[in-house]
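Remarks on the overall topology
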Amino acid sequence: MEEDKNLVYKDEALRLAQCAAALGEVPVGAVIVRLSDGQIIGRGYNTCEKGRSPLLHAEMTAIKEACAFLGGWRLEGTAMYVTLEPCTMCAGAVLNSRIDSVFYGTPDTGGRGAAHLLKNARCYEDERCAEVLKTFFGNRRIKMDRIKLVKAETDDQLKRTAALADEIWHEYFPSLIGSAQTDYMVNRFCTFEAEKENIRNEGYIYYIIKKGGEDIGYTAVKPDGERLFLSKLYLKAEHRGKGYSRQAVDMHREYARKNGLVSVWLTVNKGNFVAIRAYEGIGFKKTGSGVTDIGSGFVMDDHFYEIKA
């Protein structure tokens with residue numbers, strides 16, 4: 001009987017997630033249950049787009065409704081069922097409202113999950129919760145602007161990738177590794193001459209990332225035994241966060257498969273948390289870490305990540 005009740009709560013949370021999806025919202029649903037009698041006292045689903053607020057997560061709405069039902073902000077003696085692992089904001093709200101336990105249907109593979117902050121949180125691994133998210137984001141990617149990878153082969157094309165590297169590196173990396181190391185790495189690894197040497201001596205392949213007729217970034221790979229090394233993937237600031245990196249990675253994975261390679265791997269600076277979250281959201285898994293001396297007193301202090309082709 002207890003399992004039957006749990007299924008009712010899980011099904012209701014999933015129904016609410018589907019309501020969110022129907023509105024074009026990220027499909028997450030949540031219910032709060034009073035443990036003394038099993039009554040659902042709070043319901044919520046994502047309405048961030050409709051309400052134009054980052055606070056309108058499913059958990060936050062369910063907590064607000066439960067507090068109104070009970071006439072106070074302390075929710076001892078309750079449990080939450082939610083389709084996706086709570087984020088940091090929602091985990092904090094759970095802690096502050098004294099909810100006894102949280103059950104979530106699928107982990108957040110985008111790196112934003114914060115179940116580790118909760119003492120009594122458990123994933124019940126409902127494939128339906130993962131599927132509704134997969135379908136939603138799959139449909140959204142279909143509607144997304146598509147990019148092209150144009151192989152940089154001529155001197156003009158390689159000079160364009162070098163110009164992109166100079167612009168993007170000097171915009172992004174000084175705050176991460178300092179201006180001196182940024183200048184050093186651009187001059188050593190990202191010039192037209194360095195690209196020509198990488199192609200000639202190490203088998204690198206450079207691509208310009210294009211959206212429509214615009215050059216929005218560049219990427220470079222090279223076969224490395226049974227794997228494909230993704231050496232570079234950089235976008236101009238105004239084109240980040242739009243799914244273009246995922247598209248580029250998918251194209252590299254397709255190239256790897258067609259050429260009999262088993263995976264794609266890369267290195268990322270340990271302090272580059274934005275890129276780390278993005279790669280983990282795509283599906284890369286950390287395989288190790290290392291420090292590489294690149295001369296002139298500079299090092300690359302990186303994590304290593306890999307994804308199946």
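Below you will find a few notes about this structure. Every value quoted in this text rests on a predicted model; they were computed, and no experiment measured them.

In this section: the sheet that holds strand S3 (residues 78-84). Sheet architecture is open: five strands sit in the order S2-S1-S3-S4-S5, paired in mixed fashion. Of all strands in the sheet, those bounded by a partner on one side alone are strand S2 (40-45) and strand S5 (121-123). Across the sheet, the mean angle from the axis of one strand to that of its neighbour is 15°, orientation sign disregarded. Note that S3 and strand S4 (residues 101-106) share five bridges and pair parallel. Along S4, the bridge assignment pairs Ala79 with Ser101. Those strands touched by helix H3 (residues 58-70) are strand S1 (29-34), S2 and S3, and its axis lies near 150° from that of S2.

Attention now goes to the pairing of strand S7 (residues 205-211). S7 sits mainly inside the fold: six of its seven residues count as buried. When strand S6 (residues 148-151) meets S7, the two strands line up antiparallel, connected through four bridges. Of the residues in S7, the one forming a bridge with Lys148 is Lys210. Here S7 runs beside strand S8 (residues 214-224); their pairing, made up of seven bridges, is antiparallel. Looking at the pairing, Ile205 lines up with Val221 of S8.

A contiguous patch of negative charge, built from Asp166, Glu167, Asp183, Glu214 and Glu238, is present on the exposed surface. Here Asp166 lies in helix H6 (residues 155-172).

Turning to the sheet that holds S7, a few remarks are in order. Overall, mixed pairing links the seven strands, which are arranged S6-S7-S8-S9-S10-S12-S11 in an open sheet. The sheet is open, and its two edges are formed by S6 and strand S11 (285-295), each paired on a single side. Strand-to-strand twist of the sheet, defined as the mean angle between neighbouring strand axes without regard to direction, takes the value 30°.

This part is about the packing of H6 against helix H9 (residues 192-202). Closest axis-to-axis distance for the H6/H9 pair is 8 Å, and the angle between their directions is 120°. Viewed along their axes, H6 and H9 form a crossing whose handedness is right-handed. Note on element contacts: H9 touches H6 through Phe192, Glu195, Lys196 and Ile199, opposite Asp155, Leu158, Lys159, Thr161 and Ala162. A breakdown of the residues in the contact of H6 with H9 according to their chemical character gives four nonpolar, one polar and four charged.

Within the sequence span of H9, burial applies to Phe192, Ala194, Glu195 and Asn198. The buried residues of H9 occupy an angular sector of 165° when projected down its axis, which confines them to one face. Facing away from the buried side of H9 by more than 90 degrees, the exposed set consists of Glu193, Arg200 and Asn201. Of the residues trailing H9, Gly203 is marked for its positive phi of about 80°.

So, about the packing of H6 against helix H8 (residues 179-189). Two elements in contact, H6 and H8, have axes whose closest approach is 10 Å; the angle formed by their N-to-C orientations is 165°. Looking at the two axes, H6 sits roughly antiparallel to H8. Relative to H8, H6 is oriented so that their crossing is right-handed. Residues Asp166, Trp169 and His170 of H6 pack against Thr182, Asp183, Met185 and Val186 of H8. The residue makeup of the contact of H6 with H8, split by class, is three nonpolar, two polar and two charged.

Quick look at the state of the cysteines now. Taken as a whole and assessed by the stated rule, the structure comprises zero disulfides. Lacking any disulfide linkage, Cys67 is separated from the closest cysteine sulfur, that of Cys90, by 13 Å.

So, on to the nonpolar core. Formed by 36 residues in total, the largest nonpolar core has its most connected members in Ile32, Ile63, Met80 and Tyr81. Every element with two or more residues in this core is listed here: helix H1 (2-22), S1, S2, H3, S3, helix H4 (88-96), S4 and helix H5 (127-143). If we skip the residues at most four places from it in the chain, Ile63 touches Ile32, Leu75, Met80, Ala93, Val94, Ser97 and Ile99. The next biggest cluster of nonpolar side chains, apart from the first, holds 25 residues, and it includes Ile147, Tyr207, Leu233 and Ile307.

Turning to the packing of aromatic side chains, a few remarks are in order. Applying the stated criterion across every chain yields a total of 13 aromatic pairs. Ring centres 5.5 Å apart and planes at 75° place the aromatic pair Tyr279 and Phe284 in the edge-to-face group. The same class applies to Tyr279 and to Phe284, which are both buried. The structure contains a cluster of three or more aromatic residues connected by ring pairs, namely Trp169, Tyr172, Phe173, Tyr218 and Tyr234. Directly above the ring of Phe192 sits Lys159, whose terminal nitrogen or CZ lies 5.3 Å from the centroid.

Okay, the side chain of Ser97 next. If you trace the backbone, Ser97 turns up in the loop between H4 and S4. A distance of 3.2 Å separates a polar side-chain atom of Ser97 from the backbone oxygen of Val94.

About the thresholds
Residues numbered from 1 in each chain as written. Predicted model: local features only at pLDDT ≥ 70, side-chain atom pairs only at ≥ 80, totals over all residues. Heavy atoms only, no water. Pairing = 2+ DSSP bridges. Helix = DSSP H or I, 4+ residues; strand = E, 2+ residues; numbered from the N terminus. Axes fitted to C-alpha atoms, helices over the stretch in contact; angles between N-to-C directions. Contact = heavy atoms within 4.5 Å. Buried < 20%, exposed > 50% of the residue type's maximum accessible area, 1.4 Å probe, protein only. Patch = residues over 30% accessible without salt bridge, like charges linked within 9 Å, V, L, I, M, F, W, Y side chains within 5 Å. Areas by Shrake-Rupley, 256 points an atom, 1.4 Å probe, with all protein chains shown as cover. Salt bridge = Lys/Arg side-chain N within 4 Å of Asp/Glu carboxyl O. Lys, Arg positive; Asp, Glu negative; His and termini not counted. Charge placed at Lys NZ, Arg CZ, Asp CG, Glu CD. Left-handed = near helix turned anticlockwise from the far one by under 90°. Nonpolar A, V, L, I, M, F, W, Y, C, P; charged D, E, K, R; others polar. Arc of directions from axis to C-beta. Parallel < 35°, antiparallel > 145°, perpendicular 65-115°, else oblique. Disulfide = S-S within 2.5 Å. Core = buried A, V, L, I, M, F, W, Y, C linked by side-chain atoms within 4.5 Å. Phe/Tyr/Trp six-rings, centres within 6.5 Å; stacked < 30°, edge-to-face > 60°. Lys NZ or Arg CZ within 6 Å of the ring centre and 35° of its normal. Polar contact = N/O pair within 3.5 Å; in protein donor to acceptor, adjacent residues only side chain to side chain.

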